[in-house]
Each structure stands twice: as structure tokens, then as C-alpha cells.
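So the chains spell out like this:
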Amino acid sequence: MNRQLRANAKKMNLAELHESLNKVLMFQTLGIDVSQLFPEMCILSQTNDLLSKKMIYMFLATSAESNPEQALMIVNTFMKEQFNQDPKLRSLGLRCLSQITSQLSTEMVQQHFIKNLEDRHPSVQCTAMLGLLKIHYVDKAFIDDHGLLDKMYNLLRSAHPAVVSTAISVLNEVLAEEGGMAVNGKIVKYLLGRLKEFNSYSATQVILLLRKYEPRDKEELLSIMNLLDSKFKYSNTSLTLEIIKTFILYCKGDSVLHQDVLTRSKETLLTLLMSTTDELRFNVLVNIDSLTLIGGKKVFEKDFKRFFCEADDKDYIKKVRIQILQKMITSESFDEIFNELWLAN
């Protein structure tokens, strides 16, 4: 295998080199000892081919993770990518370096990750933050000792949504014992103002963060709800459901506003219920079932037929439909719901 790798590299036959590297990674994944290839892989890591470098670095990082001597040899190889013009390679070097747990407690490696928080490319900044999180798992005092919380809060102001999203995730993880990232009115309004820039996952993060904040007064509550209102109808079901939950949570102290939110949510939820995806329908039904316990029964009871079981429903979906129908029974709908429940059983 050594000769094959060297021959393909010398001939610059990238297709055959990729095939050889794939075999090496496959053997390594299967637990076959390929440690004798480590020196050859170190030499091959000087390649300019991105795909080859990714596979080589994957091999080196995995090998070094369980071999402290190899880890010492390869750390500088990963760190020197910091000077590469390609942000993909800078990120790759950081990602592979963060895999070598035995080196995360060394001052040199820690400073390397801190320095890369200032990188000009968002993907490198994100990878650096995730690397610092791994160091936090090794040394719980590390983030505080180096004053990195303030730096991560400052990254919330980044122009790149991916950096903001990663900063939120890392802060929530680091501050988990304190209930996650701290929020105030300024942070909430700032993030909501940028909500349209985020992808669905990141936007959901922001909405979950919003729930931790308690508005000072009704004026601030309405201001936040107005910012959210324009985002009410998203194509992403998970995000739409989280926004509805947040509206309901914020309105729990105002019965009129609470009922208005439930009424507005009805059409959105019933539309989502028409999805052909079983998991999505189940999720929507569970949320509707929860709403019936907090005043939603009157809102949905006239649409009880929308909760009748369908021929292609899975058992777990039928179960939730039946739970909802049992709560929807009124004197006018009793006969129809009774017949449906009898047929469903």
C-alpha cells in the first residue's frame, strides 16, 4: 500500500490516488492496523489537491487521536494551514486539530484556536468556536480564564448568519449549567430584526432563545410580537410551530390576546396537517392536542372532521387523532365523532 500511494502521488494520478486513499480510510474504519502508513501520509499531506488533503488529514487525525507520539508529530502540520489562502483548508486544519483530544490542553493549541476567532472568513470562525467548545469539555475553566465569553457575545454582531448561529450554540453549551446564553431586550430585538437572514435551523435557535426573555411591559411584548408577526408563515414546519408556541407563551397572561393567537394559529396548523409526511402530521397533531388543553378546544371544535382518521394513517397518528376527537365532542358533533371513534377502534 505504501508503494501504491507513493507511485500514484509521483505520477500525479489523482483518480488512482483517491481510490488508494479511500481504501486506507476503509481499512482504518474497519479497525485494521494501518499505522505503518502514517509517515507516508505525512509526506503526501503536502498535496495541493483539496480532496486528497481532506482524506489524508482524516487519516492523520484519526491515527493521532489514539497515539500521543503521532499527535505531537502532526500538530504543526494542521496548524500551518492557518497561513493558507483557501478558507476551506484553514477550516480543515482547525477541524482536524480539534479531533486530537490529547493536544487540546496545550497552550499552543489553545492560543491557535483563540487567534482564529479573528479570521476574516466565517467558516473558519465557526470552526474555531467549535474547537474552543471541545477545549471547554477538556477544561471547564478555560473559557472564563481566557475571557472568551465576551468575545463570543461580540460575535453575535457578525455580518455572517452562520457565525451568529454558531456563537449562540456554543454559548448555550458553555453556559448550560446557568440555563444557557443570557439574553436581554437589545439582543432579542437585534436577533429578531435579522431573522430573515438565518436558515430554518438558525431561526429556530433564535426563537427558542426568545422564550427565555420576559418582556418588561406590554408595550415591549407587543413590539416583539410585531417583529415576529411577519415571520409567522414559514415554509419550515418546525419553525412555524416554534413561533406559534412562543406567541402562546407570551400571551398566557392576557386572555383576549391568547385567544386571538389561537384563532390565528388555527388555519396555519390545519394547513400543515395536510402534509403527506407522517412525521410532520404527527408533530402537528401533537401540538394541536396540547393547544386543546390551554383554550384551543373552542377554536378547533368546529373543524372536528379534519381530525378524522385517514386510510393511510399509521397507528401512532390515529392514536393522537382519537385523543383530539375525544376532546372535541359537543352536543352537535357527538353522533359523528362517536361513529368515527367506533370505526377507528
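Our structure's up above, just so we're on the same page.
Worth saying up front: this structure is predicted, and the values here are computed from it rather than measured.

Caption draft 1: Geometry of the pattern of salt bridges. Counted according to the given criterion, the structure contains 17 salt bridges. Close ionic contact of Arg216 with Glu220 constitutes a salt bridge, the shortest N to O distance being 3.5 Å. On the basis of relative accessible area, Arg216 is assigned to the exposed category, the value being 66%. Since its relative accessible area comes to 4%, Glu220 is described here as buried. Its salt-bridge partner being Glu336, residue Lys305 comes within 3.2 Å of it at the nearest N-O pair. With Lys305 in the loop between helix 18 (297-300) and helix 19 (315-328) and Glu336 in helix 20 (residues 334-344), this pair connects stretches of sequence that are 31 residues apart. A relative accessible area of 35% places Glu336 in the partly exposed class. Taken together, the shared-partner salt bridges in this structure form one network comprising Asp278, Arg281, Glu310, Asp312, Asp313, Lys314 and Arg321.

Caption draft 2: Structural view of helix 6 (residues 87-99). The end-to-end C-alpha distance of helix 6, which contains 13 residues, comes to 19 Å, matching closely the 18 Å that a straight helix rising 1.5 Å per residue would cover. Counting buried positions along helix 6 gives ten out of 13 residues, so the element sits mostly inside the fold. Check the buried side of helix 6 and you find it contacts helix 4 (50-65), helix 5 (68-79), helix 7 (107-115) and helix 8 (122-138). Measuring from the backbone nitrogen of Lys88 back to the side-chain oxygen at the start of helix 6 gives 2.9 Å, which picks out Asp86 as the cap.

Caption draft 3: How the structure looks around the packing of aromatic side chains. In the structure shown here, the tally under the stated rule is five aromatic pairs. Consider the rings of Phe334 and Phe338, whose centres lie 5.9 Å apart with planes at 20°: the pair is stacked. Within this pair, Phe334 and its partner Phe338 are both found in helix 20, separated by four residues, close to a single helical turn.

Caption draft 4: Summary view of the state of the cysteines. Evaluation of the coordinates by the stated rule reveals zero disulfides. Between Cys42, a free cysteine, and Cys96, which holds the nearest cysteine sulfur, the sulfur-to-sulfur gap is 12 Å. Classification of Cys42 by relative accessible area gives buried; the value is 19%.

Caption draft 5: Main features of the nonpolar core. Core analysis: the biggest nonpolar cluster contains 105 residues, and Phe59, Leu60, Phe78, Leu132, Leu192, Phe300 and Phe307 have the highest contact counts within it. Ignoring anything within four residues of it in the chain, the contact list for Phe307 reads Leu270, Leu273, Leu285, Ile288, Phe300, Arg321, Ile324 and Leu325.

Caption draft 6: Up close: the packing of helix 15 (residues 237-250) against helix 17 (residues 278-291). Where helix 15 meets helix 17, the closest approach of the two axes is 11 Å, and the angle between their N-to-C directions is 10°. Regarding the angle of helix 15 to helix 17, the classification is roughly parallel. For the pair formed by helix 15 and helix 17, the contact residues are Thr237, Leu241, Lys245 and Ile248 on the first element and Leu280, Asn283, Val284, Asn287 and Leu291 on the second. Class assignment of the residues belonging to the contact of helix 15 with helix 17 gives a composition of five nonpolar, three polar and one charged.

Definitions and limits used
Residues numbered from 1 in each chain as written. Predicted model: local features only at pLDDT ≥ 70, side-chain atom pairs only at ≥ 80, totals over all residues. Heavy atoms only, no water. Salt bridge = Lys/Arg side-chain N within 4 Å of Asp/Glu carboxyl O. Buried < 20%, exposed > 50% of the residue type's maximum accessible area, 1.4 Å probe, protein only. Helix = DSSP H or I, 4+ residues; strand = E, 2+ residues; numbered from the N terminus. Expected span 1.5 Å × (residues − 1). Contact = heavy atoms within 4.5 Å. Polar contact = N/O pair within 3.5 Å; in protein donor to acceptor, adjacent residues only side chain to side chain. Phe/Tyr/Trp six-rings, centres within 6.5 Å; stacked < 30°, edge-to-face > 60°. Disulfide = S-S within 2.5 Å. Core = buried A, V, L, I, M, F, W, Y, C linked by side-chain atoms within 4.5 Å. Axes fitted to C-alpha atoms, helices over the stretch in contact; angles between N-to-C directions. Parallel < 35°, antiparallel > 145°, perpendicular 65-115°, else oblique. Nonpolar A, V, L, I, M, F, W, Y, C, P; charged D, E, K, R; others polar.

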